[in-house]
Amino acid sequence: MPSMLEVSELTHTYPGQQAHTAIGGVSFEVTAGQLTCIVGPSGCGKSTLLRCIASLVTPTAGQVRLRGQPVRGVPEDLAVVFQDYGRSLFPWMSVRGNVEFPLRSRSVPRARRRELALSTLERVGLSGAEDKYPWQLSGGMQQRVAIARALACEPALLLMDEPFASVDAQTRFELEDLLLRVRAEQDTTILLVTHDIDESVYLGDRVLVLSKSPATVLADVAVELGQQRDQISTRESELFVRLRGEIARTLRNAPQNRGEGDHDEAGEDEEPGEVDSSGEDRADEPALAGSDSTGSERGSTE
Amino acid sequence: MSEVITPSRTRRWRGGLTASASQLGVLAACVLLWQLATVGVQSPFFPTPVRIITEMWQLWFSGGLGTLFLTEAAFEDVLPSVGRLLLGWLLAALVGIVLGMLLGRSGNALAYVGPLLSFARSIPPPALLPVFMVLFSIGFTLQLVTITFGCLWPVLLNSADGARSVDPVKAETARAFGISRAHWFVSVVLPAALPKIFAGLRISLSLALIMMVISELVGASNGLGHAMMLARDQFDYERLWAGIVLLGILGYLLNTALSAVERGVLRAVPR
Ligand SMILES: Nc1ncnc2c1ncn2[C@@H]1O[C@H](COP(=O)(O)OP(=O)(O)O)[C@@H](O)[C@H]1O
Ligand SMILES: [Mg+2]
């Protein structure tokens, strides 16, 4: 598989009196068609990383390559789904208007725009809502509009910043499955950021684990759960349970970075930062308790 | 899953009706008091409202059906004034909105010219009339420049303010999707800035009326201000008062019309 995205030694420091290093030298590579999840604690620099990749922020150091070409300026074949769907949709445009908006700047002819918008809306389960306005829809439906807007651009790379963090658990499951379905159909390369370990394992072909701020890559975990995933049985499977344990342990045992005065949990027998892949059944650890159906206590890095 | 929010308009509508009924009552009471007072005083400087309205009727609105009841005097006095007022205001609106939005979205530029704008806005526009009179000969250009200059600053500053207030998430979304500059300004910045822009337009419209009268008092060969100066010279206080009342009505109508446009536009462009 050809390389879609190459991030090398990416570093970003927000300037200011209290200059804050949000990313501290992150390197990874994403091959075409892969769904990579990036998981890390809140405030660790996940959004900053996505902004750097999308060229919305110019990184202090390091390089981003898209299909081998260094990225300068916001790439055209890139689309973003933001966490804050309420603010990222344009309330004065209809649902169809929102989906068509980026296509207008890409000089897609009117008829083709309409066709693309309607077919994409159908794929995300929003047929019949095209003439509504975003504020007439529930949160889950608004996020579907945002996903449709991104997909309609037929991007080579789709960036998603905690796309399902602000919807209820039931809607989140629906949207997660929608993403897997759409992805199987469209074969887009997806980079999805989340603070939810379970979500990263459920969705990803691979999970990159980020440390606390400044973010570094703690582990790169392959998720060999296959293409067909099911919200109940996949989450019960032995591999799923082992992977989420592995990731949670990696995060807990990570060396404390300078700066953020966080309570220290070090002192485990494992090497700091090393991924525990022993496969031992330790799924009853506190951090992992409760893979219950309500989803309220799911393994979370928050 | 979907929840359609339909604001209840009926209640507000009925509230509006009763409000305007009582407002009319207060207005009628005031006119009645004015009538009684002027009848009592019997001063030539203060004609009664009935006389003023009769004078307005005879002067301007007793024309034939072909001219929509407007008299020849109305074509001399009223229409040129309204025309210049609207033209000057629209010109200021166009320049103010475009420049204001550009300034509001270019962080540095606004910081540089901000104090200059505050200074320009602080000059009472009539104070510049003598300068304009030197620069432009008395006539249409002078009136137009005076009105436009007076109207420009509130629109410009409000547009800049509105453009600056675009939600950063929306700005980032537009950048992430490579929205073109033209689409960004027309489809994102303008809708976001509309409420502020309308606030500026409303201030400007009342300024336009003021500047229109002032420019006509000083130098014009027609228009309401000119007619009022003539009336004063001829000691025709009924005509003078007719002009004053007509200006009030004109201002009220213009403001009402703008409010209706604003409501319509903001409803078509929800946020
Ligand atoms: N514009 C900014 N200026 C300064 N600091 C920022 C800015 N945006 C984010 N940060 C800081 O950078 C760190 C990482 O932020 P962010 O990338 O949003 O984290 P995450 O998305 O993982 O929650 C946080 O500590 C945050 O306070
Ligand atoms: Mg974030």
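What counts as what
- Residues numbered from 1 in each chain as written.
- Chains lettered and ligands numbered in written order.
- Predicted model: local features only at pLDDT ≥ 70, side-chain atom pairs only at ≥ 80, totals over all residues.
- Heavy atoms only, no water.
- Pairing = 2+ DSSP bridges.
- Helix = DSSP H or I, 4+ residues; strand = E, 2+ residues; numbered from the N terminus.
- Axes fitted to C-alpha atoms, helices over the stretch in contact; angles between N-to-C directions.
- Contact = heavy atoms within 4.5 Å.
- Buried area = accessible area lost by both parts, 1.4 Å probe.
- Salt bridge = Lys/Arg side-chain N within 4 Å of Asp/Glu carboxyl O.
- Polar contact = N/O pair within 3.5 Å; in protein donor to acceptor, adjacent residues only side chain to side chain.
- Near = heavy atom within 4 Å.
- Areas by Shrake-Rupley, 256 points an atom, 1.4 Å probe, with all protein chains shown as cover.
- Nonpolar A, V, L, I, M, F, W, Y, C, P; charged D, E, K, R; others polar.
- Phe/Tyr/Trp six-rings, centres within 6.5 Å; stacked < 30°, edge-to-face > 60°.
- Buried < 20%, exposed > 50% of the residue type's maximum accessible area, 1.4 Å probe, protein only.
- 1 Å grid on protein atoms, 1.4 Å probe; cavity = no way out; pocket = protein on both sides within 12 Å on 5 of 7 lines; lining within 4 Å.
- Points joined across faces, edges and corners; volume = space filled by probe spheres on them.
- Disulfide = S-S within 2.5 Å.
- Core = buried A, V, L, I, M, F, W, Y, C linked by side-chain atoms within 4.5 Å.
- Arc of directions from axis to C-beta.

**Q** Can you walk me through the sheet that holds strand S4 (residues 61–66) of chain A in this structure?
**A** All names here are of chain A. Spatial strand order, S2-S1-S4-S5: four strands in an open sheet with antiparallel pairing. The two strands at the open ends of the sheet, each matched to only one other strand, are strand S2 (20–31) and strand S5 (69–70). Here strand S1 (residues 3–14) pairs with S2 via nine bridges, running antiparallel. For leucine 5, the partnering residue across the bridge sits in S2 and is valine 30.

**Q** Teacher, can you tell me more about the sheet that holds strand S10 (residues 217–222) of chain A here?
**A** Strands belonging to one sheet form pairs held by backbone hydrogen bonds; the direction of such a pair is parallel or antiparallel. All names here are of chain A. Pairing is mixed in the open sheet, where six strands are placed in the order S6-S7-S8-S3-S9-S10. Bordering the open sheet on either side are strand S6 (78–81) and S10, each of which pairs with just one other strand. On average, each strand axis in the sheet is inclined to that of its neighbour by 15°, with strand direction left out of account. Relative to strand S8 (residues 189–194), strand S7 (residues 157–161) is paired through five bridges, and the arrangement is parallel. From the neighbouring strand, leucine 157 faces S8, where its bridge partner is threonine 189. Against the sheet, helix H6 (residues 169–186) contacts strand S3 (35–39), S7 and S8, and its axis sits at roughly 165° relative to S8. Contacting S3, strand S9 (206–210) and S10, helix H9 (residues 238–252) runs over the sheet at an angle of about 175° to S10.

**Q** What is the right way to read the interface of chain B and chain A from this model?
**A** Quoted interface sizes are often the accessible area lost when the parts come together. Chain B puts 25 residues into the contact, and the matching count from chain A is 36 residues. The junction of chain B with chain A conceals about 2700 Å² of combined surface from both sides, 65% of it contributed by carbon and sulfur atoms. One can count two salt bridges joining chain B with chain A. Taken together, chain B and chain A are joined by 10 residue pairs in polar contact (both at pLDDT 80 or more). For the side of chain B that touches chain A, the secondary structure elements donating two or more residues are helix H7 (168–176) and helix H8 (181–218) of chain B. The dominant element in the side of chain B that touches chain A, judged by the number of residues it contributes, is H7(B), at seven residues.

**Q** How should I be thinking about the site of ligand 1 in this particular structure?
**A** Residue and element names in this part refer to chain A. Around ligand 1 sit Tyr14, His20, Ala22, Pro41, Ser42, Gly43, Cys44, Gly45, Lys46, Ser47 and Thr48, and that is every residue in its neighbourhood. Between ligand 1 and the protein, one listed contact pairs a nitrogen atom with a side-chain N or O atom of tyrosine 14 at 3.3 Å. Contacts to ligand 1 include glycine 45, whose backbone N or O atom sits 3.0 Å from an oxygen atom. Relative to its unbound accessible area of 560 Å², ligand 1 is 61% covered by the protein chains. Elements that contribute at least two residues to the shell around ligand 1 include exactly S2 and helix H1 (46–53). Sorting elements by how many residues they give to the shell around ligand 1 places H1 first, with three residues. When its residues are assigned to classes, the shell around ligand 1 shows four nonpolar, six polar and one charged.

**Q** Any chance you could explain the packing of aromatic side chains here in plain terms?
**A** For any pair of aromatic rings, geometry is given as the distance between the ring centres together with the angle between the planes. Residue and element names in this part refer to chain B. As enumerated under the stated definition, the model contains 10 aromatic pairs over all chains in all. Look at tryptophan 60 and phenylalanine 61: their rings are 6.5 Å apart centre to centre, the planes differ by 70°, and that puts the pair in the edge-to-face class. Since its relative accessible area comes to 27%, phenylalanine 61 is described here as partly exposed. Among the aromatic residues, those joined into a cluster by ring pairs are Phe132, Phe136, Phe149 and Trp153.

**Q** Explain empty space enclosed by the protein to me, please; I cannot follow it from the model alone.
**A** Over the atoms rolls a probe the size of a water molecule, and in doing so it shows where empty space is left. Across all of its chains, the model carries two cavities of 30 Å³ or more by this definition. In this structure, the largest cavity occupies an estimated 50 Å³ of space. Elements represented by at least two residues in the lining of the largest cavity include exactly helix H2 (49–60), helix H9 (224–233) and helix H10 (237–268) of chain B. Looking at the lining of the largest cavity, the element that brings in the most residues is H9(B), giving four residues. Among the residues making up the lining of the largest cavity, the classes are represented as seven nonpolar, one polar and two charged. Of the pockets and cavities examined, the second largest cavity occupies roughly 40 Å³. As for the second largest cavity, its lining consists of Glu162(A), Pro163(A), Phe164(A), Ala165(A), Arg172(A), Val193(A), Thr194(A), His195(A), Asp196(A) and Glu199(A). Classifying every residue of the lining of the second largest cavity by side-chain character gives four nonpolar, two polar and four charged.

**Q** How do you make sense of the state of the cysteines when you look at a structure like this?
**A** Covalently bonding the sulfur atom of one cysteine to the sulfur atom of another cysteine gives a disulfide. Residues and elements named next belong to chain A. Here the structure, examined in full by the defined rule, presents zero disulfides over all chains. The cysteine cysteine 37 is free of any disulfide, with cysteine 44 supplying the nearest cysteine sulfur at 14 Å. Take cysteine 37: its relative accessible area is 0%, and that puts it in the buried class.

**Q** Explain the nonpolar core here, please?
**A** Soluble globular proteins tend to pack their nonpolar side chains together in the buried interior. Counting residues in hydrophobic clusters, the biggest one holds 121 residues, and the most contacted among them are Met160(A), Phe164(A), Val209(A), Ile247(A), Trp60(B) and Trp184(B). Considering each element in turn, this core owes the most residues, 16 residues, to H8(B). Apart from residues lying up to four places away in sequence, Ile247(A) is in contact with Val39(A), Ile197(A), Ser200(A), Val201(A), Val207(A), Val209(A) and Val221(A).

**Q** Quick question: what am I supposed to make of the pairing of S10(A) here?
**A** All names here are of chain A. With five bridges joining them, S9 and S10 adopt antiparallel strand pairing. Across the sheet, residue valine 207 finds its bridge partner in S10, namely valine 221. Counted between consecutive antiparallel strands, the loop separating S9 from S10 contains six residues.

**Q** Hey, could you run me through H9(B) in this one?
**A** Within an α-helix, residues lying three or four positions from one another point in the same direction, as the helix has 3.6 residues per turn. All names here are of chain B. Those residues of H9 that sit buried are Leu224, Gly225, Ala227, Met228 and Ala231. All buried residues of H9 project into a common sector of 160° when viewed along the axis, lining one side. Check the buried side of H9 and you find it contacts H2, helix H3 (72–105), H8 and H10. Two residues or fewer after H9 comes phenylalanine 235, characterised by a positive phi angle close to 55°.

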